[in-house]
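# Secondary and tertiary structure notes
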Amino acid sequence: MANVSHPRGDMTTHPDVSEMRARYARMLGGRDVALVDGPVFLLGLYCAVSPWILHYTTSQPDLVVHNLIMGLAIAVLALGFTRAPERMYGLSWAMCALGVWMIVSPWIVGDGPDAGVVLNNVIIGGLAVVLGMICAVTAARSASQP
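Residues numbered from 1 in each chain as written. Predicted model: local features only at pLDDT ≥ 70, side-chain atom pairs only at ≥ 80, totals over all residues. Heavy atoms only, no water.

### Remarks on unusual backbone geometry
Positive phi, close to 60°, is recorded for histidine 55, a residue that is not glycine. Relative to the helices and strands, histidine 55 is located in the loop between α2 (34-53) and α3 (61-83). (Helix = DSSP H or I, 4+ residues; strand = E, 2+ residues; numbered from the N terminus.)

### With respect to the nonpolar core
Among the nonpolar cores identified, the biggest contains 20 residues, and Val40, Ile74, Leu77, Phe81, Met95 and Leu131 are the most heavily contacted of them. Counting only elements with at least two residues in this core, the list comes to α2, α3, α5 (92-108) and α6 (115-144). Non-local contacts of leucine 77, meaning those with residues more than four positions away in its chain, are made with Met88, Leu91, Met95 and Leu98. (Core = buried A, V, L, I, M, F, W, Y, C linked by side-chain atoms within 4.5 Å. Buried < 20%, exposed > 50% of the residue type's maximum accessible area, 1.4 Å probe, protein only. Contact = heavy atoms within 4.5 Å.)

### Notes on the side chain of histidine 66
For histidine 66, the location among the structural elements is in helix α3. Residue histidine 66 is classed as buried on the basis of its relative accessible area, which comes to 11%. Within the structure, histidine 66 has its side chain in polar contact with the side chain of asparagine 67 (distance 3.1 Å). Leaving out residues up to four positions away in the same chain, histidine 66 has contacts with Trp101, Met102, Ser105 and Val109. (Polar contact = N/O pair within 3.5 Å; in protein donor to acceptor, adjacent residues only side chain to side chain.)

### Some points on the packing of α3 against α5
Viewed as axis vectors pointing N to C, α3 and α5 meet at an angle of 165°, and their least axial separation amounts to 11 Å. Taken together, α3 and α5 sit at an angle that is classed as roughly antiparallel. Our pair here, α3 against α5, has a crossing hand that is left-handed. Residue-level contacts link Leu63, His66, Asn67, Met70, Ala73, Ile74, Leu77 and Phe81 of α3 to Ser92, Met95, Leu98, Trp101, Met102, Ser105 and Pro106 of α5. (Axes fitted to C-alpha atoms, helices over the stretch in contact; angles between N-to-C directions. Parallel < 35°, antiparallel > 145°, perpendicular 65-115°, else oblique. Left-handed = near helix turned anticlockwise from the far one by under 90°.)

### Section: α5
Since the α-helix turns once every 3.6 residues, residues separated by three or four places project in the same direction. Between its terminal C-alpha atoms α5 stretches 24 Å, which fits the 24 Å expected from 17 residues at 1.5 Å a residue. The principal kink in α5, of about 35°, is found at methionine 102, preceding the proline proline 106 by one to four residues. Looking only at α5, the buried set comprises Ser92, Met95, Cys96, Leu98, Gly99, Met102, Ser105 and Pro106. (Expected span 1.5 Å × (residues − 1). Bend = angle between axes of the 7 residues up to and from the residue.)

### A look at a nonpolar patch on the surface
Together, Tyr46, Val49, Trp52, Ile53, Leu54, Leu68 and Leu72 make up a nonpolar patch on the protein surface, roughly 600 Å² of accessible area in all. The element that contributes the greatest number of residues to the nonpolar patch is α2, accounting for four residues. With respect to the helices and strands, isoleucine 53 occurs in helix α2. According to the relative accessible area criterion, isoleucine 53 is partly exposed, its value standing at 46%. (Patch = residues over 30% accessible without salt bridge, like charges linked within 9 Å, V, L, I, M, F, W, Y side chains within 5 Å. Areas by Shrake-Rupley, 256 points an atom, 1.4 Å probe, with all protein chains shown as cover. Salt bridge = Lys/Arg side-chain N within 4 Å of Asp/Glu carboxyl O.)

### Side note on the confidence of the model for the protein chain
With 80% of its residues at a pLDDT of at least 70, the protein chain reaches an overall mean of 84. Here helix α1 (residues 17-28) is the element of the protein chain with the lowest mean pLDDT, 68, and α5 is the one with the highest, 94. (pLDDT = per-residue confidence, 0-100.)

### Structural notes on the state of the cysteines
On inspection of all chains with the given rule, the structure shows zero disulfides. Considering cysteine sulfurs only, cysteine 96 is the nearest to cysteine 135, which forms no disulfide, with 8.3 Å between them. Given a relative accessible area of 0%, cysteine 135 falls into the buried group. (Disulfide = S-S within 2.5 Å.)

Set out below in structure tokens:
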């Protein structure tokens, strides 16, 4: 057992500092991109409710269902990133694929979408690609470190 009777001060002189650092690193589990989880979740929620915010529920009914499902999928990925990051950050590339699909979906799923609908999906898709790439690159970097 370490002698901890010394006066309070600099923690680097503590005899168990290396063990505490190792335990802290294990507890974090390589969560270098924890700040991305919240924006990904909010992006998914916005994607799910965007047809009602932009009022295209009657003009693009197929895109309404599409955006609802895609938004929920993005939000579930964000919850997975938060709940089990060591297992879920491998799916960051899936979020990039969802983002690319969101960009092209107005022309594939929609029926002559107007500029607002297209711009909405392109922005959501672009943000999903960027956030997914941030997660994927950081996860790959932390996996390659010992």
